[in-house]
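Take a look at the letters that make up each chain.
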Amino acid sequence: MVFLNLFPNASVFASLLLFSSSINGQSLNKPVLFKDGLSPHVDNVFFQHLSPTHSTWDKWGWGWIPQACQAITQSKGLSPYDIEVYDVHYDDCDSAFIICRHNRAQMSVIQMIDAFGRMPIHDRQWTQHILALPASSCSAGTGGAVTTFYGPCYIPSVFVHEFTHTLDAFANDKTGADNNIHVYSTTSPYRQAIAKDSCVPDSYANTSPQEDYAQVSVLALYEKVNPGGLDPIGPWRCLVNSKNNLDSIIGSELTPGGTCNRRWADSLIVCMGPAAGCISKRSDLSRVAGKTRGPKPKPANKKGDKLVSDITPKLADAVSAKVHSWGNLVSNQTASVEATRRINAWNSAVGKQTVPVPKI
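An account of the accompanying structure is given in this report. (Residues numbered from 1 in each chain as written. Predicted model: local features only at pLDDT ≥ 70, side-chain atom pairs only at ≥ 80, totals over all residues. Heavy atoms only, no water.)

**Examining the state of the cysteines**
All told, the structure shown has five disulfides when counted by the stated rule. Linked covalently through their sulfurs, Cys138 and Cys153 form a disulfide whose S-S length is 2.1 Å. On the sign convention where negative is left-handed, the bridge of Cys138 and Cys153, at about 110° about the S-S bond, is right-handed. Taken together, the positions of Cys138 in the loop between strand E5 (129–133) and strand E6 (139–143) and Cys153 in the loop between strand E7 (146–150) and helix H7 (156–170) put the pair 15 residues apart, joining distant regions of the chain. Within the protein chain, bonded cysteines paired by disulfides and numbered along the sequence follow the pattern 1-3, 2-8, 4-5, 6-7, 9-10. (Disulfide = S-S within 2.5 Å. Helix = DSSP H or I, 4+ residues; strand = E, 2+ residues; numbered from the N terminus.)

Structure follows, in structure tokens:
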């Protein structure tokens, strides 16, 4: 789920090298720690011990959308006119996060806000946008610092895994500063750590160093938030070298607490399409039944802002992100109900919109 060519000035040679099948597609051929995947072993603990971040949210007026959300939605054969856009204000960051949701997505806006807010802020701040689209089962893909969730993905371990792909591509680059692409998990230090281990987390981790890195990050975060650390989970030390190596690179990003200290510029805010009536100067009326175009929102994060990076993730990478179908996931409807009540109370306290509480 990692797509490179993330830096505009990266060399074509480096892009091809790091995307070659010898790196990205190589099976690790290791015994697995969990044959049933990670979710049954970690997600109940995540729901219990990954604390929600206090937040409030505002819904955009219809008709406007971040370009990344528009492009991904259209690439999947869906209509941008069906996308809802929200500013989410978390207490641990002064500027809002903009999230997008298809109006038929199985993941509710509350579930998106809750799961996203449970991620440590120094991890969350590396994500530009998240998008939820409809599907019968959970799958997800990450590229260009945008993560798209398909179907019922209110699963903390899926969020952790996907966001680690962005950390892998952008955060704490220890491989040099020569303006080439550096996805850390493909470099020799991490590959050597894998070689020293006698197992990988699960079968998905076995598919490539990138997927191993993302699955190991799930265990690394589990260790940080579970009161008993990793020992209760099973004989995890068969992957201690990769876990410790990962911790040395993104351990601080996976540690809860603190406030944001960097952001991406938001994707360009664009008109949903001609029917929204905001493209042609001759037409100022929307042509979608029951829809009234709202005022054009202002970006929450733009170049020149104090914490905003000068680098812009590539839109093409967000659109072309590889999508992985997840199986054997542990959901928590009680957590969803509790999140709805909690976030409703936070929004209500400042006179903002609330949503119906789902029934279990």
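More follows now that the structure is in view.
**Topic: the side chain of Ser309**
With respect to the helices and strands, Ser309 occurs in the loop between strand E8 (269–271) and helix H11 (315–319). What makes Ser309 buried here is its relative accessible area of 17%. Polar side-chain contacts of Ser309 include one of 3.0 Å to the backbone nitrogen of Ile311. In this structure, Ser309 is in contact with Arg262, Arg263, Trp264 and Lys303, ignoring residues within four places of it in sequence. (Buried < 20%, exposed > 50% of the residue type's maximum accessible area, 1.4 Å probe, protein only. Polar contact = N/O pair within 3.5 Å; in protein donor to acceptor, adjacent residues only side chain to side chain. Contact = heavy atoms within 4.5 Å.)

**Description of the sheet that holds strand E1 (residues 55–59)**
As summarised here, the arrangement of the seven strands in space is E1-E3-E4-E5-E7-E6-E9, forming an open sheet in which the pairing is mixed. Two strands lie at the open edges of the sheet, namely E1 and strand E9 (324–325), each paired on one side alone. Across five bridges, the pairing between E6 and E7 is antiparallel. By the bridge assignment for E7, Ala140 is matched with Phe149. Strands E1, strand E3 (83–90), strand E4 (97–102) and E5 of the sheet are contacted by helix H5 (residues 109–118), whose axis makes an angle of about 140° with E4. (Pairing = 2+ DSSP bridges. Axes fitted to C-alpha atoms, helices over the stretch in contact; angles between N-to-C directions.)

**Some remarks on the layout of surface pockets**
In this structure, the largest pocket occupies an estimated 200 Å³ of space. Around the largest pocket, the lining is made up of 18 residues, and of these Gly37, Leu38, Asp202, Trp326 and Gly327 lie nearest the centre. (1 Å grid on protein atoms, 1.4 Å probe; cavity = no way out; pocket = protein on both sides within 12 Å on 5 of 7 lines; lining within 4 Å. Points joined across faces, edges and corners; volume = space filled by probe spheres on them.)

**Structural notes on the nonpolar core**
Across soluble globular proteins, nonpolar side chains have a tendency to be buried as a group. Core analysis: the biggest nonpolar cluster contains 55 residues, and Phe46, Ile99, Phe149 and Phe159 have the highest contact counts within it. Contributing elements (two or more residues each) for this core: helix H3 (39–49), E3, E4, H5, E5, H7, helix H9 (209–225) and helix H12 (333–349). When residues in this core are grouped by element, the largest group, six residues, is from H5. Once residues within four sequence positions are removed from consideration, Phe46 is found in contact with Arg118, Pro156, Ser157, Val160, Val218, Leu221, Tyr222 and Val225. Within the second largest apolar cluster, 24 residues are counted, among which are Val85, Ala275, Ala276 and Ala318. (Core = buried A, V, L, I, M, F, W, Y, C linked by side-chain atoms within 4.5 Å.)

**Regarding empty space enclosed by the protein**
The final tally for this structure, using the stated rule, is two cavities of 30 Å³ or more. The calculated volume of the second largest cavity comes to roughly 30 Å³. In this structure, the second largest cavity is lined by Pro52, Thr53, Ser55, Tyr90, Ile113, Asp114, Gly117, Ile343 and Trp346. Looking at the lining of the second largest cavity, the elements that each hand over two or more residues are H5 and H12.

**Considering the packing of aromatic side chains**
Scanning all chains against the criterion turns up 16 aromatic pairs. Measuring from centroid to centroid gives 5.8 Å for Tyr90 and Phe97, while their planes differ by 70°, and the two rings are edge-to-face. Each member of the pair Tyr90 and Phe97 is classed as buried. The ring of Trp264 is capped by Arg262, whose NZ or CZ atom sits 4.1 Å from the centre of that ring. The ring of Phe97 carries Arg263 above its face, with NZ or CZ at 3.6 Å from the centroid. (Phe/Tyr/Trp six-rings, centres within 6.5 Å; stacked < 30°, edge-to-face > 60°. Lys NZ or Arg CZ within 6 Å of the ring centre and 35° of its normal.)

**Observations regarding the environment of Ala145**
Tracing the backbone through its elements, the reader meets Ala145 in the loop between E6 and E7. For Ala145, a relative accessible area of 2% gives the class buried. C-alpha separation for the pair Ala145 and Phe170, spaced 25 residues apart in sequence, amounts to 8.6 Å. Apart from the residues lying within four places of it in its own chain, the contact partners of Ala145 are Trp126, Thr127, Gln128, His129, Thr166, Phe170, Trp264 and Pro313.

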